[in-house]
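The residues making up each chain are set out below.
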Amino acid sequence: MLFHDLVIDKESPIYEQIINHVKHSIQTNMIAPNSKLPSTRELAQILGVSRNTVILAYESLEAENIIYTKKGKGTFITESILKRYKDRDYDSNQEIAWIIDWEEKANTYSKEAERMDIIKNEIPWSKDLISFKSISPDGELFDLEEFKRSFLNRLSVEGNKILNYGYAKGYKPLIDYLKQYMKEKGVSGEHKDIIVTNGFTEGFEMMMEAFTSPGDYVLCENPTHNTALRIMKLHGIKPIGVPMLEDGIDIEALRVCLEKYPVRFLYVIPSYHNPTGIVIGERKRSQIYEVCRTYGVPIIEDGFTEELLYGSSHITPIAALDRERNGVVYIGSFSKILFPGLRIGWIMGDNRMVSLLESVKRCKNIHTSSIDQGILYEYLQSGILKRQMKRMRKSYKERFELAKQCIEQYIEPEFIWGDGGLHVYIGLQDVSARELLQCCHKRKVIFMPGDIFSLDGSGEYTLRLGLSRVSLGEIEDGIKIIGECLCEIKKNRKN
């Protein structure tokens, strides 16, 4: 309340004390423009003074254009008056000299986070560009009507409970659904539990926070998911890259790394690997599992977009090989296929491990949004997911096949990797992806250069084309421009 700390004294006229209190509140920014003041009768009662004293104070303030009165509505602070005090120190009435150097105060974490921030450091998206940067789902494929129904249905079932605090592990109906969902994928729930996360990113970061220390080694494919690399580096973890072959991670190189380093985890993306798009076959999945089991190194399996598999029958996750054992941690997310704005993911693994993560989650952000979990559960249990997947597979298959055809026609790449999904990975012949990107940007086309995903600079001559947010026409036009820029760069070198 504006006048709660005004103590009337006998040293000066009361109306002046009221005037000075209002001015001080404005100068200290303790009152907003157009704020309503108590009526003269109310303020007189609050301060225990005569109403005429308050009227005199208000009249003086209005004469200085500090307040204004609307007939039948009340008295308010004038908006323009605050600008008069904008750059003034409220005690000395001099220009403010208190400037904090936040660059100097920033710690290593924040500086490294900014240095590795792709949004800040790469070419930004704009409407006039054909952008192959994103691998977010195409929002036009979302079933908004079903989503609205899911929201209203879940709200009617749960009432106000779902708008209150929830549980760190997650919304129980959704957890039960996910357990059955994983069972249908072939993953045993024996001695295992699930915790709901804010997408893959929080799930992976929680694993690093709970089970690694600075200086630990984590093996991963090279190249790999940039977000995972960023998280590991920010937590002082040393990621060791295992080379990728055309059919996935190099098993012999994996063995060498496991012999050489005291490894904490292997992080692997078996389906539609980011950035290469490779889907690892059954035999190699078994090899990965057996090698890590032999060396006693747990696997963090990223279930990245495996639902989009359309080129063959379903391949079970590596976690399915674990059965009643507890050496594989599965991190899943619907962010690349359903409503990434909800930020719903999950971790499935050993009971004790999930119990520890539950406490970590409670320390971080208490729980993932209950209403978001409830809406997603309602949507999933309605059976709409299979129909949605059918639409998405058809759309993304069409884009992928056109892109592959255009790449072969216009680019003549060193190699094309990818089995479908949301992106395709290209190797270039003697032209840096960064040099190509500069040329393409001038022609209003952008993509993700491969060095972003690489641990050792080996991605210099590679690039990833995201296909999920571009039309068929943009795919052909954009890839044609990439091909023309390649020709231009090679031609300039000869001259």
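You'll find the structure just up there.
Residues numbered from 1 in each chain as written. Predicted model: local features only at pLDDT ≥ 70, side-chain atom pairs only at ≥ 80, totals over all residues. Heavy atoms only, no water.

1. Quick look at the overall build of the protein chain
Keep this limit in mind: The helix and strand labels rest on DSSP assignments: H or I over at least four residues marks a helix, E over at least two residues marks a strand, and numbering proceeds from the N terminus. Only C-alpha atoms enter the radius of gyration; for comparison, a globular chain is expected to reach 2.2 Å times N to the power 0.38, where N is the number of residues. A simple rule labels every residue: compare its accessible area, found with a 1.4 Å probe on the protein chains alone, to the largest value its type can have, and call it buried under 20%, exposed over 50%, or partly exposed in between. Two residues form a contact once any of their heavy atoms are found within 4.5 Å.
Assigned secondary structure in the protein chain consists of 18 helices and 17 strands. Over its C-alpha atoms the protein chain spans a radius of gyration of 30 Å, topping by over 25% the 23 Å that the globule rule assigns to 495 residues. Looking at the protein chain as a whole, 50% of its 495 residues are labelled buried. Put simply, of all contacts in the protein chain between residues at least 6 apart along the chain, 73% involve residues at least 24 apart.

2. As for unusual backbone geometry
Looking along the chain, the bond that leaves Asn222 and enters Pro223 is cis, with omega of 10 degrees. Counting through the fold element by element, Pro223 comes out in the loop between β6 (217–222) and α11 (226–234). Following Asn274, the chain continues into Pro275 via a peptide bond in cis, with omega recorded as 20 degrees. One non-glycine residue, Thr305, adopts positive backbone phi at about 45 degrees. Following the sequence through the fold, Thr305 ends up in the loop between β10 (299–302) and β11 (328–333). Its identity is not glycine, yet Arg343 carries a phi of approximately 55 degrees, on the positive side. For Arg343, the location among the structural elements is in the loop between β11 and β12 (345–350).

3. Section: the environment of Ile195
Mapped onto the fold, Ile195 is located in strand β5 (residues 192–197). The class for Ile195 is buried, based on a relative accessible area of 0%. Separated by 151 residues in sequence, Ile195 and Trp346 place their C-alpha atoms 5.6 Å apart. For Ile195, the residues in contact, after removing those within four places along its chain, are Ala168, Lys169, Met206, Gly345, Trp346, Ile347, Val354, Leu357, Glu358 and Lys361.

4. Some points on the pairing of strand β2 (residues 67–70)
Formally: Each pair of strands is called paired provided DSSP finds at least two bridges between the two strands.
Taken together, the 4 bridges between β2 and strand β3 (residues 74–77) define a ladder with antiparallel strand orientation. Looking at β3, one finds that Tyr68 is bridged to Phe76. Adjacent in sequence and paired antiparallel, β2 and β3 are bridged by 3 residues, among which Gly72 carries a positive phi angle near 80 degrees.

5. Some thoughts on the sheet that holds strand β14 (residues 423–427)
Operational definition: Throughout, an axis means a line fitted to C-alpha atoms (over the contacting stretch in the case of helices), and angles, computed between N-to-C directions, take values from 0 to 180 degrees.
Ordered in space as β13-β14-β17-β16, the 4 strands form an open sheet in which the pairing is antiparallel. Only two strands of the sheet have a single neighbouring strand rather than two, namely β13 (415–417) and β16 (448–449). Two elements, β14 and strand β17 (residues 462–466), share 5 bridges in a ladder whose sense is antiparallel. Directly across from Tyr425, in β17, lies its bridge partner Arg464. Together, β13, β14 and β17 form the strand contacts of helix α16 (residues 384–410), whose direction differs from that of β14 by roughly 15 degrees.

6. Some remarks on the packing of aromatic side chains
Applicable threshold: Any two of the Phe, Tyr and Trp rings considered here, Trp counted by its six-membered ring, make a pair once their centres fall within 6.5 Å; the pair's planes then place it as stacked at under 30 degrees, edge-to-face at over 60, or tilted in between. The criterion for a charge sitting over a ring is simple: Lys NZ or Arg CZ within 6 Å of the ring centre, and within 35 degrees of the ring normal.
Here the structure, examined in full by the defined rule, presents 17 aromatic pairs. With a centroid separation of 5.0 Å and 45 degrees between ring planes, the pair formed by Phe334 and Trp346 is classed as tilted. With Phe334 in the loop between β11 and β12 and Trp346 in strand β12, the pair connects residues that are 12 residues apart, well separated along the chain. The burial state of Phe334 is the same as that of Trp346; both residues are buried. Here the aromatic cluster, defined as three or more aromatic residues joined through ring pairs, consists of Tyr177, Tyr181, Tyr330, Phe334 and Trp346. Just above the ring of Phe76 sits the side chain of Lys70; from NZ or CZ to the centre is 6.0 Å.

7. Considerations on the nonpolar core
Applied cut-off: The definition of a nonpolar core used throughout is a set of buried Ala, Val, Leu, Ile, Met, Phe, Trp, Tyr and Cys residues joined through side-chain atoms within 4.5 Å.
With 91 residues, the main nonpolar core has Phe204, Met207, Met208 and Phe334 as its most contacted residues. Not counting chain neighbours up to four residues away, the residues in contact with Phe334 comprise Leu178, Tyr181, Ile344, Trp346, Leu376, Leu380 and Leu385. Formed by 33 residues, the second largest nonpolar core is a distinct cluster that contains Ala403, Leu428, Val445 and Val470.

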